Amino acid sequence: HISERIVPLLKDRNHGVLISGLQLICDIFEVCPEQKEEFSKIVPTLVRLLKNFLSMGFSPEHDVGGITDPFMQVKLLDLLRQLGHGNDEASEQMNDILAQVATNTESAKNAGNAILYECVKTIMGVNSDSGLRTLAINILGRFLLNRDNNIRYVALHSLSKVVHEDNAAVQRHRNTIVECLKDPDISIRQRALELVYQLVNSSNVESLTSELLNYLVVCMSEHKANLVSHIMSIIENYSPNLRWKVNNIIT
């Protein structure tokens, strides 16, 4: 079995050997996805490696922007996601460490945000419990407050992927998402707009329709037709009463 030759690499003290071993496993999965079942036995080893990073003090040899070897941490999380997908036992083994990474990773630094984003992807990609998924969505909510537009765009894109499965958790960040409609960056506004469409329901239709109508006034002319079409669809599907429906159609 090929795993018997590769697993010893994960016990090496050299970070270069370690990350090469992790990448080799990922490459094997791309070619032979059925090998994931055989490699699922290494989940405790990966968890232990990730836990070592959380307890490790400052290491100048592996420091990147104040974070210890973020490349290795991202690769560990990527591999955990692949092994945990559709595997209840493997997912259960990694739940605690994912919660620790999500809670203890420094979010004021780009390297830390890279780890947090990968952690969110892993939580959403494995069979995690609802509390852990809510924690991941809250991280994306914090990303929306970041001044870096790339981070905000990634957060909006990620939230749009999970909104149907975890709607209540995403709804908690509705006000922040709506604020993104006022962003100077058109890509942020468009991504926020697509997410707002997905957030509309019978309980918030009045407030969100008002926001969409306000945005209609300032949005680019080439986008107005599509926006009007969405607003009309929302009014038709979620109108609380006939008077409100008529008033907004006239508006």
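Residues numbered from 1 in each chain as written. Predicted model: local features only at pLDDT ≥ 70, side-chain atom pairs only at ≥ 80, totals over all residues. Heavy atoms only, no water.

(A) Broad picture of the overall build of the protein. A tally of regular secondary structure across the protein gives 15 helices and 2 strands. Here the C-alpha coordinates of the protein stretch approximately 70 × 35 × 30 Å along the principal axes. A burial count over the protein gives 47% of its 251 residues as buried. Considering only contacts in the protein between residues 6 or more positions apart, those separated by 24 or more positions represent 63%. Of the roughly 13,100 Å² of accessible surface on the protein, 50% is carried by carbon and sulfur atoms. Looking at the protein, you have 24 positive and 29 negative side-chain charges, and the mean spots of the two groups are 4 Å apart. (Helix = DSSP H or I, 4+ residues; strand = E, 2+ residues; numbered from the N terminus. Buried < 20%, exposed > 50% of the residue type's maximum accessible area, 1.4 Å probe, protein only. Contact = heavy atoms within 4.5 Å. Areas by Shrake-Rupley, 256 points an atom, 1.4 Å probe, with all protein chains shown as cover. Lys, Arg positive; Asp, Glu negative; His and termini not counted. Charge placed at Lys NZ, Arg CZ, Asp CG, Glu CD.)

(B) Structural context of the packing of helix H9 (residues 149–162) against helix H12 (residues 186–199). The geometry of H9 relative to H12 is characterised by a closest axis approach of 9 Å and an angle of 20 degrees between their N-to-C directions. Taken together, the axes of H9 and H12 are roughly parallel relative to one another. By crossing handedness, the relation of H9 to H12 is classed as left-handed. Here Asn149, Arg152, Tyr153, Leu156, His157, Leu159 and Ser160 of H9 come into contact with H12, specifically with Ser187, Ile188, Arg191, Ala192, Leu195 and Gln198. When the residues that make up the contact of H9 with H12 are grouped by side-chain class, the tally is 6 nonpolar, 5 polar and 2 charged. (Axes fitted to C-alpha atoms, helices over the stretch in contact; angles between N-to-C directions. Parallel < 35°, antiparallel > 145°, perpendicular 65-115°, else oblique. Left-handed = near helix turned anticlockwise from the far one by under 90°. Nonpolar A, V, L, I, M, F, W, Y, C, P; charged D, E, K, R; others polar.)

(C) Highlighting unusual backbone geometry. Phi is positive for Asp69, close to 40 degrees, though the residue is something other than glycine. On the basis of relative accessible area, Asp69 is assigned to the buried category, the value being 10%.

(D) Here's a closer look at the pattern of salt bridges. The full count for this structure, using the stated rule, is 10 salt bridges. Between Asp78 and Lys75 there is a salt bridge whose closest N-O contact spans 3.9 Å. Of the two residues, Asp78 and Lys75 both sit in helix H5 (residues 70–84), 3 residues apart, roughly one turn of that helix. Of the two residues, Asp78 and Lys75, neither departs from the other in class, the shared state being buried. A single network of salt bridges, built from pairs that share partners, joins Lys75, Asp78, Arg81, Glu118 and Lys121. (Salt bridge = Lys/Arg side-chain N within 4 Å of Asp/Glu carboxyl O.)

(E) Spatial organisation of H5. Its 15 residues give H5 an end-to-end C-alpha distance of 21 Å, which sits within 8% of 21 Å, the value for a rise of 1.5 Å per residue. Within H5, 13 of the 15 residues are buried, which leaves it mostly tucked inside the rest of the structure. Taken from the residues just after H5, Gly86 is the one with a positive phi, measuring 75 degrees. (Expected span 1.5 Å × (residues − 1).)

(F) Spotlight on a negative patch on the surface. On the surface, Asp88, Glu92, Asp96 and Asp129 cluster together into a negatively charged patch. As for its position among the elements, Glu92 is in helix H6 (residues 88–104). (Patch = residues over 30% accessible without salt bridge, like charges linked within 9 Å, V, L, I, M, F, W, Y side chains within 5 Å.)

(G) Geometry of the confidence of the model for the protein. The share of residues in the protein with pLDDT of 70 or more is 99%, and the mean pLDDT across the chain is 93. Mean pLDDT in the protein bottoms out at helix H1 (residues 3–6), which sits at 81, and peaks at helix H11 (residues 174–179), which reaches 97. (pLDDT = per-residue confidence, 0-100.)

(H) Summary view of the nonpolar core. Counting 77 residues, the largest nonpolar core has Ile42, Leu46, Leu79, Met94, Ile177 and Leu227 as its most contacted members. Beyond its immediate chain neighbours, meaning those up to four positions away, Ile177 contacts Leu144, Leu156, Leu159, Val170, Ala192, Leu195, Val196 and Leu199. (Core = buried A, V, L, I, M, F, W, Y, C linked by side-chain atoms within 4.5 Å.)

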